[in-house]
Amino acid sequence: MTTIVLRLTLAVVFLVSVSLASEDQHRWCGTASGSELVNASTNSLPLVVLYRVPVQAPRVSNVSGVVKDANGDALSGASINLLSAKQAAIATASTDANGKFELRGVTWGRYELAISQRGFAPRRLVVNLPASESSPLEITLTPSALTDEVSVTAEYGVVVERDETPQKVNVINERKIAERAKSVLAQVGAEEPGTALQRTSPTIGAIYVRGMTGNKVNVFVDGVRMSNSAARGGINTFFNLNDVSNLRSVEILRGPNSAQFGSDALGGSVQLSSHPPLFTADKGEWHGKFNQGFNSADLGYGGNLLLSYGRPKFAFVTNLSAHRSNTIRPGQGIDTHAAVTRFLGLPSTVFGSRMSDTAFTQYGGIFKMSYALAPTQQLNVHYQRSQQDGGKRYDQTLGGDGNLIADLRNLMLDFFYARYEKQQAGFFDNLSLTYSRNSQREERVNQGGNGNPNGAITHQWERTTTNGVQVQAVKYGMTRNTFVMGGEFYHDFIKAPAFTVNPVTNVATISRPRVPSRATYRSGGIFAQDIYNVIPERLRLVGSVRLSAMAYDSRAADSPLVNGKPLWPDDGFRNNNFTWRVGSVLTTLPGLNFSTHISRGFRTPHITDFGTLGITGVGFEVAAPDVANLNATIGSTADRNAVNTGNPVLQLKPESSLSYDFGAHYKHKRIDADVVFFVNNIHDNIAKQTLILPQGAVGTMLGDQAITSQLANGAVFVAASTNPVLVRTNFENVRYVGLEQMFEIKLTNALTFAQNFTYIHSQDLRSGLAPNIEGGTPAPQGWLRLRYQASNQRFWGFWFEPYVQGVLRNTRLSTLDLEDRRTGAFRSRTNIQNFFRNGATVRGLITAGADSRFGTADDILSATGETLAQVQDRVLGVGVAGSALFTAIPGFMTFNVRGGVRFNERHELMFDLENLTDRNYRGISWGLDAPGRGVNVRYSYRF
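Residues numbered from 1 in each chain as written. Predicted model: local features only at pLDDT ≥ 70, side-chain atom pairs only at ≥ 80, totals over all residues. Heavy atoms only, no water.

This part takes up the overall build of the protein chain. Assigned secondary structure in the protein chain consists of nine helices and 56 strands. Here the C-alpha coordinates of the protein chain stretch approximately 95 × 80 × 50 Å along the principal axes. Burial status across the protein chain gives 60% buried among its 943 residues. Here the analysis covers contacts within the protein chain between residues at least 6 apart in sequence; of these, 69% occur between residues at least 24 apart. When the 91 positive and 77 negative side-chain charges of the protein chain are each reduced to one mean point, those points stand 1 Å apart. (Helix = DSSP H or I, 4+ residues; strand = E, 2+ residues; numbered from the N terminus. Buried < 20%, exposed > 50% of the residue type's maximum accessible area, 1.4 Å probe, protein only. Contact = heavy atoms within 4.5 Å. Lys, Arg positive; Asp, Glu negative; His and termini not counted. Charge placed at Lys NZ, Arg CZ, Asp CG, Glu CD.)

Pasting the structure below:
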């Protein structure tokens, strides 16, 4: 039935689109899909479409204009590049002595016009042909541009201004990226309405979009999917491997849009755009940029060298980067979740003012090439490689669980794509074909037991390789209509050998990897999108439909045999999904528009959902097939107090969402204001709940871990985690309600004030409590800034910007949050005993008592002179079995100042004085406290 609905929908959209696409003469034609004759005895449904093929000359137009500075003087030699939505260079020119330029014979479409001139900030405009041909463009360049109004991802395959799209999008340009990302890419998500920073470890982080992160927000690089089926729930292991110096912009689409971007876009989508190679008008030209920076908060330093070369038909860009982050000093030198604080009640300063295990090194490079095969054909090739060395899960060592080993070794990203793009491709105005290969590699080495030196050391090596193909075709009307259709297919293959080492005997044994090795995941879809200007410059409608399908397979035959049995069973799943979205933008007065957007999203479970067995961000998890014969059931919560619901552990099914947006935007002269209200309902939400087993489970093996204890309610524990064992299940329906608001006013030509505020409330519709979604929900937060731009001259200038971040106290923590070492940091008497006798003893905090033997009742905590029993009573309270260290996340406010000096066109020095009051704070699901008072300095040289 879904296929029939999709075919009929596409037929209607296609008929409307083609009939509106051209206003010239046409002839009627017809096509048939399937057999030419309908056989009533078959189930096939041929689709017959009547359409009109234009009989006309090539649909081309010219683009002309003049480029001036703020004083009205013409700028000669400015570089003009016309880019497609896929960032392919379509045409190029340079301004003459009078600042004029002209691009001739450009195929109809919506393009980005990129203008650059040394000494000025780059400018990006939307060009809509043939409409933009009617009058020459007048373009003004200034030395500093604060905002970027052009989006290349908000409407798939089409370049639009932010005001034109009903779905809200944050466009973070290259300057903002440089100002915010001191250490890792995820930091660019701060300071934006509707988004927040998630930082599990110094290396691992992600961006919250409307309260969701991890595998509920998908990531694309230049329109190619980077997210894969091995993605985890509340973190994004490989996101920060995209070096900030590779990027021209980051676009964050807020809200579900599975109709465009497929599975995982429940919260939104993060789109990374790298620097495009740009052609030159006549002779070959070299350009480059060198950056060098230092950050005192983590004693970090690094830099990059970006080189570009362009000729009329050939261009390339290459970038080499390296960065070293050393140990981080948190606010006031205190780590609030340190293992010594969590288990012993001691301040983290017993080990100094910096957080151990927070140092790492990152390095890599990128190469991009564009070649004009013909005036209407381009070939683009992209390859990037990056690696992180020395990273550790600080929240699993002394920053949380107190373990001795939690290494993230050799995190690597190899990302390649080749894209062919053609204008005037038969009936369509633009056609693009893309092949991609995405390889993500990691090696995790863990030892649990709260610092037990004799605990088993697990080695889990994992590589996920994704091969993908994409096709997209676009048809433009003269002024009214734009039609986009296409599809993609991705094939994921995981190789995941694993073994466990006994540190006493040094004997290694094969063990169950985090996910089944040699598992495959195939996903793809076909889509259609139509953009219709009902009343030009007044009413704009957008609609999209998509049919997606996936298939997951893992085989017991691919498993090594341990004790004559495979480590995982046969497993598989098939699913298809129909999604859609509709939106409108209504302009009532000049500069004032109202938008609505309704979207159905979905997320099919990943290999990680189906097959995870091992340590994750919130503890130790099992997969449904691995407990199939244990009479396992689901707990009512994600903590040790869970009640047996009696619901059996079953394999997962997809989760879906229905989202509603209502917004108003006003932009006129000096004022830019925006407010959005949204509701996002998630059905069959995949939550993490406590695993309940029948009594007598102690000693049962769950992968490479034996169950060490079991509570009366059936919750079980393993040595690798302080939390009860968890299992994923379609447990609840969830509703997110939110308000996003921003305001900016240009007080004078030099002074600008801006602020934004985000409020998000999430709840389980059954209980009204916070849902057990990994990562939790960020607290309401806001930003203020006042920017002074001292000069508008080309050759020199400086700017100065105080800014403030404020976050309210977060009391809506789920049971999963309270157990999470990164947030609530639960501890029991057993946990305290384990750390006291293991991690604390190994680190020299414990002395042997009168019997001169460690591990006995008279051992002493040196700092206080207490025995284990006395420490347990002081930390938890007499007779208390366990409690969370934190039941809420404190609110905070930070005061900061940044600025810069630009001189001689080529040189720029930027600084940022962060957290001037040295405030100690962290966000939800952060595995480390935020940096304290520090200064970041960055020098740039252009040539």
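The subject of this paragraph is unusual backbone geometry. In this chain, Leu129 is followed by Pro130 through a cis amide linkage whose omega measures 15 degrees. Summarising the element assignment, Pro130 is placed in the loop between strand S8 (123-129) and strand S9 (137-141). Located in the positive-phi region is Asn631, a residue other than glycine, with phi close to 55 degrees. Mapped onto the elements, Asn631 comes out in the loop between strand S38 (619-622) and strand S39 (633-635). On the basis of relative accessible area, Asn631 is assigned to the exposed category, the value being 61%. Although it is not a glycine, Asp918 sits at a positive phi angle of roughly 60 degrees.

Taken in spatial order, the three strands make up an open sheet running S6-S3-S9, and their pairing is mixed. Each of the sheet's edge strands pairs with one partner strand only, and the pair in question is strand S6 (100-107) and S9. With direction set aside, neighbouring strand axes in the sheet form an average angle of 30 degrees. Here strand S3 (residues 60-69) runs beside S6; their pairing, made up of six bridges, is antiparallel. When the sheet's bridge partners are listed, Ser64 is paired in S6 with Glu102. (Pairing = 2+ DSSP bridges. Axes fitted to C-alpha atoms, helices over the stretch in contact; angles between N-to-C directions.)

With that settled, consider the layout of surface pockets. In this structure, the second largest pocket occupies an estimated 920 Å³ of space. What lines the second largest pocket is a set of 28 residues, among which Arg110, Glu161, Glu164, Pro536 and Glu537 lie closest to the centre. Elements represented by at least two residues in the lining of the second largest pocket include exactly S8, S9, strand S31 (520-535), strand S32 (539-554), strand S35 (571-589) and strand S36 (592-603). No other element matches the five residues that S8 contributes to the lining of the second largest pocket. Grouping the amino acids of the lining of the second largest pocket by side-chain chemistry returns eleven nonpolar, seven polar and ten charged. (1 Å grid on protein atoms, 1.4 Å probe; cavity = no way out; pocket = protein on both sides within 12 Å on 5 of 7 lines; lining within 4 Å. Points joined across faces, edges and corners; volume = space filled by probe spheres on them. Nonpolar A, V, L, I, M, F, W, Y, C, P; charged D, E, K, R; others polar.)

Turning next to helix H9 (residues 868-876). Within H9 the residues assigned to the buried category are Leu868, Val871, Gln872, Val875 and Leu876. All buried residues of H9 lie within an arc of 100 degrees about the axis, which places them on one face of the element. (Arc of directions from axis to C-beta.)

Before going further, it helps to examine empty space enclosed by the protein. Within this model, the largest cavity holds a volume of roughly 680 Å³. Lining the largest cavity are 40 residues, and of these Ala190, Leu197, Gln805, Tyr921 and Trp926 lie nearest its centre. Of the residues assigned to the lining of the largest cavity, the class counts are 21 nonpolar, eleven polar and eight charged.

What follows deals with the pairing of S3. Bridge analysis of S3 against S9 gives five bridges, and the strand direction is parallel. Residue pairing in the sheet places Asp69 in a bridge with Leu141 of S9.

Below, the discussion takes up the packing of aromatic side chains. To describe a pair of aromatic rings, one takes the distance between the centres and the angle between the planes. Under the criterion given, the structure shown has 18 aromatic pairs. Ring geometry for Trp783 and Tyr803: centres 6.4 Å apart, planes at 20 degrees, overall stacked. Residue Trp783 is found in strand S48 (residues 781-789), and its partner Tyr803 is found in strand S49 (residues 796-807); the two are separated by 20 residues along the sequence. Cluster of aromatic residues (ring-pair linked, three or more members): Trp286, Tyr309, Phe314, Phe316 and Phe367. Positioned over the ring face of Phe731 is Arg766, at 4.3 Å from the centre of the ring. One residue, Arg787, lies across the ring of Trp799, its end atom 3.8 Å from the ring centre. (Phe/Tyr/Trp six-rings, centres within 6.5 Å; stacked < 30°, edge-to-face > 60°. Lys NZ or Arg CZ within 6 Å of the ring centre and 35° of its normal.)

Looking now at the pattern of salt bridges. When charged atoms on two side chains of opposite charge get close, those side chains can pair. Counted under the stated rule, the structure contains 60 salt bridges. The partner of Asp912 in a salt bridge is Lys182, with the nearest N and O atoms 2.6 Å apart. Of this pair, Asp912 sits in strand S55 (residues 907-914) while Lys182 sits in the loop between helix H2 (174-180) and strand S13 (195-199); the two residues are 730 residues apart in sequence, bridging distant segments of the chain. Of the charged contacts in the structure, one is a salt bridge between Asp684 and Lys653, with a shortest N-O distance of 3.8 Å. Remark: Lys653 occurs in the loop between strand S40 (644-648) and strand S41 (655-668) and Asp684 occurs in strand S42 (residues 671-692); sequence separation between them is 31 residues. (Salt bridge = Lys/Arg side-chain N within 4 Å of Asp/Glu carboxyl O.)

Tracing the chain through its elements places Glu179 in helix H2. By relative accessible area, Glu179 is classed as buried at 7%. For Glu179, the contacting residues outside a window of four places in its chain are Arg787, Trp799, Arg898, Met910 and Asp912.

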